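In case you want the letters, here they are:
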Amino acid sequence: MMNKLFALLYAVSSITASAQLIYLGELEMNAGAPLRFNAIIKPLKNSVELSIINARDTIKLDGKPISGSKGWRFDFPVFNTHIRLHRVIKQWVGTFHDEDKGDTIPIVFKPTSKDTPRYFLPNPQTLENKFQIIFEPGTSNERVAVLEYFPYNGNEIRGSILTAAGDYRFLQGSVSSDSLIMSTFDGKFAYVFAARLQGDSIFGYQYYTKATPRRFVGIKSKVAKLPDPKALTQLNNDAGKIHFALPDTDGKIVEFNANAPLAKLTFITIGGSWCPNCMDEARFLNQLYQKYKDKGVKIIGVYFEYTDKESVALPTLKRMATQLKLDFPILYGGSVRQQAAARVFPQIHKVLAYPTLIALDAQGNIVKTYTGFYGPGTSLFADYEREMVEWIEKVVGD
């Protein structure tokens, strides 16, 4: 009887331990504070499910057992990256691998509670603020940006940093009367932004896993803004209309000629599978395509990869299109390192950002461009979505 009681108590304690699903992930950084992110690890019968959470964004990964070990491999959707983990008592430890860069970075998941903040700051505040900031002030690499944050969960904030090339997506962290720290890890890019607040001024650094930290300074401003993304891309009117023939994800050559009769509206997005902003934009464009494809709207994605080999690029793009459930065609434009976009699109003086969106009318004329993309992690996304829908409705009619 006593043995049965001990067995029952052991079983209950084992269930309680395995029921601990909430973790705080830490990725080793080159300098500064470790990059922290929220996670849920769920052991299943024959697998392990890992969810990485940044503010309102959740990335779900299914683990596969690593042959010859007790570890698990978690491949990120779309990106050529993965995490390898094994359990050590209550923690999960391992490495994050970026196969494009050849990077291997230590990572650990520590059990926590849902109310534990990523970073502890004395007297945390949940505020809404916006700063006009400058990265690397006083250098040739000086860049203007906007840092914004909002109340999120308990004593934490969510936010993003917007640049002329797009946004840093979903940041999460804490703020106090004199300090700010926010971080994000989406399976490709990993950043920590830590700053000192002094009156209306902000002084901080952006920390990376490998690169040297980047300094930024700024000042609080309710009207902080960036150059108009609809006016950044400059057109070369002497290059004629857009015309290209490129392989799709199955290797079939698809020709597009803006001199031929077109849909009422044709959108061409210039992007890459390595670009998180491009993934956000692709999801948004796919929603538009599903809604308006029968009303005369066509969308084409021309993606440039970190390889000049079709045998590598096409499977990557096919995986991206499948995982994002994209209905519009994705074409391979060439290597981003070899400036292939300049050859495919001589109608543009320079591709300033990935993604860049081009809109053509029924006569094949470029009527709009949009440089970069401010996604659902920013305050600008809702207005952009509304303006785009209103414009499409006006062009395609009933």
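Structure shown above.
Bear in mind the structure is a predicted one, so any value in this text is a computation, not a measurement. (Residues numbered from 1 in each chain as written. Predicted model: local features only at pLDDT ≥ 70, side-chain atom pairs only at ≥ 80, totals over all residues. Heavy atoms only, no water.)

## What about the overall build of the protein?
Right, so step 1: What the protein contains, in helices and strands, is five helices and 24 strands.
Right, so step 2: By the compact-globule yardstick of 21 Å for 398 residues, the protein fits well, its C-alpha radius of gyration being 23 Å.
Right, so step 3: In terms of principal-axis extent, the alpha carbons of the protein reach across some 85 × 55 × 45 Å.
Right, so step 4: The burial tally for the protein puts 49% of its 398 residues in the buried class.
Right, so step 5: Sequence separation of 24 or more characterises 57% of the internal contacts of the protein that already satisfy a separation of 6 or more.
Right, so step 6: With an accessible surface of roughly 19600 Å², the protein has 52% of that area assigned to carbon and sulfur atoms.
Right, so step 7: Charge separation in the protein, taken as the distance between the mean sites of 47 positive and 39 negative side-chain charges, equals 5 Å. (Helix = DSSP H or I, 4+ residues; strand = E, 2+ residues; numbered from the N terminus. Rg over C-alpha atoms; globule rule 2.2 N^0.38 Å. Buried < 20%, exposed > 50% of the residue type's maximum accessible area, 1.4 Å probe, protein only. Contact = heavy atoms within 4.5 Å. Areas by Shrake-Rupley, 256 points an atom, 1.4 Å probe, with all protein chains shown as cover. Lys, Arg positive; Asp, Glu negative; His and termini not counted. Charge placed at Lys NZ, Arg CZ, Asp CG, Glu CD.)

## Observations regarding the packing of helix α2 (residues 276-292) against helix α5 (residues 381-396)
Right, so step 1: Between α2 and α5, the shortest axis-to-axis distance is 12 Å and the interhelical angle comes to 30°. In this view, α2 runs roughly parallel relative to α5, as classed from their interaxial angle. The hand of the α2/α5 crossing is right-handed. On α5, the residues that touch Phe-284, Gln-287, Leu-288, Lys-291 and Tyr-292 of α2 are Phe-381, Tyr-384, Glu-385, Met-388, Val-389, Ile-392, Glu-393 and Val-396.
Right, so step 2: When its residues are assigned to classes, the contact of α2 with α5 shows nine nonpolar, one polar and three charged. (Axes fitted to C-alpha atoms, helices over the stretch in contact; angles between N-to-C directions. Parallel < 35°, antiparallel > 145°, perpendicular 65-115°, else oblique. Left-handed = near helix turned anticlockwise from the far one by under 90°. Nonpolar A, V, L, I, M, F, W, Y, C, P; charged D, E, K, R; others polar.)

## Looking at the nonpolar core
Right, so step 1: Within the largest apolar cluster, 63 residues are counted, with the highest numbers of intra-cluster contacts made by Phe-244, Phe-267, Phe-304, Phe-345, Tyr-354 and Ile-392.
Right, so step 2: The dominant element in this core, judged by the number of residues it contributes, is α2, at eight residues.
Right, so step 3: Ile-52, Ile-83, Phe-96 and Ile-107 belong to the second largest nonpolar core, which has 29 residues in total. (Core = buried A, V, L, I, M, F, W, Y, C linked by side-chain atoms within 4.5 Å.)

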